[in-house]
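# Residue-level structural notes
The residues making up each chain are set out below.
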Amino acid sequence: MRPELPEPAVAVRSATQGRGADRAAGRGDVRDQLCRSCQRRLRRGDDEAPKDWRIYVVSLIAFASNIGGYALSFFLPQVIAELYRQFGQPVTLTRTAVLTAIPYAVASVAVLLVARSSDRMQERHFHAAVPLVVGAVARRRTRPEGFQ
């Protein structure tokens, strides 16, 4: 069984002394302000969470996006060094490090722009899904020739 919500902190309690007036005005408790589906989720026990298929879908998406990030961070220096060798250029640690930093610099700017857009539009789903799809398509199009 889930424990009840914790009691508010003393500072919060002193700031909200007019709780009786809030309830009388219809503003009520935090639980009263939750949507109906959220209230149902609070009422049901922890044993029902593994039965919800959406948990598995979100877990799979998170796992796949993390794998892509790890693959990029682990293998990008080797890919860049191999490209230098294929074109007959000398491989130096400085060149490899500078070229490895470029995708991370671009990604830092992109994360800030997407976050600002997401906050401005108050929309999260497409702002998370579109970069993942773009990354998957880019990864698929840039695979080496010998791989399927």
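Thresholds applied
- Residues numbered from 1 in each chain as written.
- Predicted model: local features only at pLDDT ≥ 70, side-chain atom pairs only at ≥ 80, totals over all residues.
- Heavy atoms only, no water.
- pLDDT = per-residue confidence, 0-100.
- Helix = DSSP H or I, 4+ residues; strand = E, 2+ residues; numbered from the N terminus.
- Contact = heavy atoms within 4.5 Å.
- Salt bridge = Lys/Arg side-chain N within 4 Å of Asp/Glu carboxyl O.
- Buried < 20%, exposed > 50% of the residue type's maximum accessible area, 1.4 Å probe, protein only.
- Expected span 1.5 Å × (residues − 1).
- Bend = angle between axes of the 7 residues up to and from the residue.

### Some details on the confidence of the model for the protein chain
- For the protein chain, the average pLDDT comes to 75, and 63% of its residues sit at 70 or higher.
- Taken element by element, the protein chain is modelled with least confidence in helix 1 (residues 10-15), mean pLDDT 48, and with most confidence in helix 5 (residues 93-121), mean pLDDT 91.
- Under a pLDDT of 50 for its full length, residues 11-16 has, in the predicted model, 2 contacts with residues more than four places off or in other chains.

### What about the pattern of salt bridges?
- All told, the structure shown has 2 salt bridges when counted by the stated rule.
- In this structure, Arg85 engages Glu82 in a salt bridge whose closest nitrogen and oxygen atoms are separated by 3.4 Å. With a gap of 3 residues between them, Arg85 and Glu82 both fall in helix 4 (residues 53-86), about one helical turn apart.
- Residue class for Arg85 comes out exposed when judged on its relative accessible area of 52%.
- Exposure remark for Glu82: the relative accessible area of 37% places this residue in the partly exposed category.
- Across the pair Asp119 and Arg124 runs a salt bridge, and its minimum N-O distance is 3.3 Å.
- Its relative accessible area of 47% is what places Asp119 among the partly exposed residues.
- Among the residues examined, Arg124 registers a relative accessible area of 43% and is labelled partly exposed.

### Some remarks on helix 4
- If you check helix 4, its first and last C-alpha atoms are 47 Å apart, about what 34 residues at 1.5 Å a residue would give, namely 50 Å.
- For helix 4, the principal kink sits at Phe75 and spans about 50°; a proline, Pro77, occurs within the next four residues.
- Residues Leu76, Ile80, Ala81 and Tyr84 constitute the buried set of helix 4.
- Looking at the buried positions of helix 4, the neighbouring elements they touch are helix 5.

### Remarks on unusual backbone geometry
- Not every positive phi belongs to a glycine, and Gln122 is a case in point at roughly 55°.
- Within the fold, Gln122 resides in the loop between helix 5 and helix 6 (125-141).
- Looking at Gln122, the relative accessible area reads 62%, which means it is exposed.

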